[in-house]
Amino acid sequence: MLAHIQDQCKKYPYRKEDLKQKTLGFQSKKGENRENLVAVGYNYEACRKALAEMIVIDELPFKFVEGIGLKRFMGVSCPRFTNIPCRTTIA
């Protein structure tokens, strides 16, 4: 049963996933109103850069990254991005 949970059960939160596996997502090109379906891979550095960019653009305080709300949101939206940088790293 443990082998089934760890290897096959997709709802098991600690399951090791293939980092090369891509997911489907929608992406729009600049100047176009339509979105294209593309294969998107996970990239930690891209997530970190997007988080820093969001803080700068929205003029959020650096302590925003240490809040429970952001951690819960990231756990649902991007479960692989568990190592959220601290506010001194963002600054």
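Residues numbered from 1 in each chain as written. Predicted model: local features only at pLDDT ≥ 70, side-chain atom pairs only at ≥ 80, totals over all residues. Heavy atoms only, no water.

Caption draft 1: Representation of unusual backbone geometry. Although it is not a glycine, Glu59 sits at a positive phi angle of roughly 55°. Relative to the helices and strands, Glu59 is located in the loop between α2 (44-57) and α3 (68-77). Take Glu59: its relative accessible area is 71%, and that puts it in the exposed class. (Helix = DSSP H or I, 4+ residues; strand = E, 2+ residues; numbered from the N terminus. Buried < 20%, exposed > 50% of the residue type's maximum accessible area, 1.4 Å probe, protein only.)

Caption draft 2: The arrangement of the pairing of strand β2 (residues 35-40) in detail. The element β2 is barely covered by neighbouring structure, given that only zero of its six residues are classed as buried. Here six bridges tie strand β1 (residues 23-28) to β2, and the two strands are oriented antiparallel to one another. Residue Leu24 lies in a different strand from β2, and its bridge partner there is Ala39. Adjacent in sequence and paired antiparallel, β1 and β2 are bridged by six residues, among which Gly31 carries a positive phi angle near 85°. (Pairing = 2+ DSSP bridges.)

Caption draft 3: How the structure looks around the nonpolar core. Ranked by size, the top nonpolar core spans nine residues in total: Leu51, Ile55, Val65, Leu70, Met74, Cys78, Phe81, Ile84 and Ile90. Looking at this core, the elements with two or more residues in it are α2 and α3. Beyond its immediate sequence surroundings of up to four residues, Cys78 is in contact with Tyr42 and Cys47. (Core = buried A, V, L, I, M, F, W, Y, C linked by side-chain atoms within 4.5 Å. Contact = heavy atoms within 4.5 Å.)

Purely geometric stuff here, so don't read any function into it on its own.
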